[in-house]
Amino acid sequence: MASLDIDEVRACFPSLQSGYIYADNAGGSQTTQGVIDRIVDYLTNTNVQLGADYFVGALSNKRVDEGAFTAAELFNAASIDEVGFGPSSTMILENIARALENDIKPGDEFIISYEHEANNGPWKRLAERRNAVVKYWQPTPVSAENPYSVAYKVEELLPLVSSRTRLVAITGCSNILGSLVPVEEAVKALRQRAKEQGARKVEVSVDCVAYAPHRKMDVRQWDVDYCVFSVYKVYGTHNAAVYVRSAALKTSLTSIAHHFLKADDKPYKLQPGGPGYELVYGATAIVPYLKSLTPEDDLVASFSAIANHEQTLLTPLLRFLTDAKQVDRGVRIVGRSEINLSRVPTVSFVVVGQNAIKSKDIVGAFDKKGGIGIRYGHFYAYSLIDNLRPKLDVNDGVVRISLVHYNTVEEVEKILDVLREVLA
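Residues numbered from 1 in each chain as written. Predicted model: local features only at pLDDT ≥ 70, side-chain atom pairs only at ≥ 80, totals over all residues. Heavy atoms only, no water.

J.: Just to check I follow, could you spell out the overall build of the chain for this structure?
T.: In terms of helices and strands, the chain carries 16 helices and 15 strands. Each principal axis of the C-alpha distribution contributes one length, and for the chain these read about 65 × 55 × 40 Å. Taking the contacts inside the chain whose residues are at least 6 apart along the sequence as the reference set, 68% of them involve residues at least 24 apart. Summed over its atoms, the accessible surface of the chain is roughly 17,600 Å², and 51% of this surface lies on carbon and sulfur atoms. Within the chain, the 51 negative side-chain charges are centred at a point lying 5 Å from the centre of the 46 positive side-chain charges. (Helix = DSSP H or I, 4+ residues; strand = E, 2+ residues; numbered from the N terminus. Contact = heavy atoms within 4.5 Å. Areas by Shrake-Rupley, 256 points an atom, 1.4 Å probe, with all protein chains shown as cover. Lys, Arg positive; Asp, Glu negative; His and termini not counted. Charge placed at Lys NZ, Arg CZ, Asp CG, Glu CD.)

J.: Mind showing me how you'd approach the sheet that holds strand β8 (residues 203-207) here?
T.: Hydrogen bonds between backbone groups are what pair the strands of a sheet, and the pairing can be parallel or antiparallel. A sheet is described by the order of its strands in space; here 7 strands give the open sequence β2-β10-β9-β8-β7-β3-β4, paired in mixed fashion. Two strands in the sheet have a free side with no partner beyond their single neighbour: β2 (83-86) and β4 (133-137). Neighbour-to-neighbour, the strand axes of this sheet turn through a mean angle of 20°, independent of strand direction. Its contacts with the sheet place helix α4 (residues 89-100) against β2, β7 (165-171), β8, β9 (226-230) and β10 (240-244), and it is angled at close to 160° to β9. (Pairing = 2+ DSSP bridges. Axes fitted to C-alpha atoms, helices over the stretch in contact; angles between N-to-C directions.)

J.: When you look at the packing of helix α12 (residues 299-321) against helix α16 (residues 409-423) in this model, what are you seeing that I'm missing?
T.: Each packed pair of helices is defined by two parameters, the angle between the axes and the distance between the axes. Relative orientation of the contacting elements α12 and α16 amounts to 15°, with a least axis distance of 9 Å. Classified by the angle between their axes, α12 and α16 sit roughly parallel to one another. Between α12 and α16 lies a crossing whose hand is right-handed. Contacts between α12 and α16 pair T312, L313, P316, L317, F320 and L321 from the former with V409, V412, E413, L416, L419, R420 and L423 from the latter. Among the residues making up the contact of α12 with α16, the classes are represented as 10 nonpolar, 1 polar and 2 charged. (Parallel < 35°, antiparallel > 145°, perpendicular 65-115°, else oblique. Left-handed = near helix turned anticlockwise from the far one by under 90°. Nonpolar A, V, L, I, M, F, W, Y, C, P; charged D, E, K, R; others polar.)

J.: Help me understand the sheet that holds strand β12 (residues 346-351), please; the structure alone is not making it clear to me.
T.: Judged by pairing direction, the sheet is antiparallel, and its 4 strands sit side by side in the order β11-β12-β15-β14 without closing on themselves. Pairing within the sheet leaves two strands with one partner each, and these edge strands are β11 (331-333) and β14 (375-377). For this sheet, the mean inter-axis angle between neighbouring strands, taken without regard to orientation, is 35°.

J.: Looking at this structure, I do not really get α16. What am I missing?
T.: Working note: α-helix, 3.6 residues per turn, so residues spaced by three or four point in the same direction. Compared with the 21 Å implied by 1.5 Å per residue over 15 residues, the 21 Å span of α16 between its first and last C-alpha is a close match. When α16 is considered as a whole, its buried residues turn out to be E411, V412, I415, L416, V418, L419, V422 and L423. Viewed along the axis of α16, the buried residues span an arc of 165°, placing them on a single side of the element. (Expected span 1.5 Å × (residues − 1). Buried < 20%, exposed > 50% of the residue type's maximum accessible area, 1.4 Å probe, protein only. Arc of directions from axis to C-beta.)

Written out as structure tokens, the structure reads:
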């Protein structure tokens, strides 16, 4: 089993050379030198509008086209004609919801979760416009000792599926709970349930923003129709990528592009304007970087090595926060506290009880110390925080420490040193 050479990994990220500890990676990762180099190269040598026949224009076209191959490989899409780019995952999903409008009938049902509003808000607004019904797949506690130990359970999703189910929007990984949702299992089960109920057409939208930095996506294996991830959380820049199944492009979505553009079977029908060209070309450095992490030169091997390294980061952090001393102090993990490959090193917690500490104040103590970046809040999973019981202040939210494969065990120990002081 391949392991990461952490020194080589960190050498690929110029920002890490400062020694600052980036522990807010669920909000956005650092950028590899390869991505930076390609952006500079594009802006220096090929910064022209797409579609021109002259030499520099043709080269620019080719470079932007290469971005589609990168996205297709990361998604494991069947074709580059099933992928595209946009300014953010939120904007892409809003565009999909707009394009889907003509295919939604009054009384159709959408099942959504309590996760990031990017994969909730567009469907709630679409439901309002088309008189559809919204149902919620709610996370529930897994431990009687901790009411905040919530998780999504497939067996609690299936009763929501009916003959009117039209769309199911789920996440691949919670950006608060850090737990992975078994997408393939959930989709297979819900499609079987929908078939038994006589549903006419069910499409599945998966938010992989919190998933893609840690695990390999596989939209074909999962049997999903729509999928998004944020490039800036997968070691690139501030844009996002989308997968749309070919059948959905042809039969479900109406073009929201300019009326004179023929894009009926291309993701461009979801793009009212072009993507950021230099950002798309910059993304072409992501797959070579990921493949370079292991000798196999293979994404499966690299993500396996990433997952195993991240367990070494997760272990000391969760062990500290779930130690009896901290539990007595009032520390409660928000989500599961088991240490295994069913979760990523995104760890959220609150401090409650007689000596409660506001999440804002814990993060403030880190800010005062300096040298470590963590955050507090609801992180746009507003409904998740708002529906936890006992009730939390949704704006104070949780403390979130989110790590990725370029973080080190030594950095975790420094984070724990500050936590020991704060929780003393």
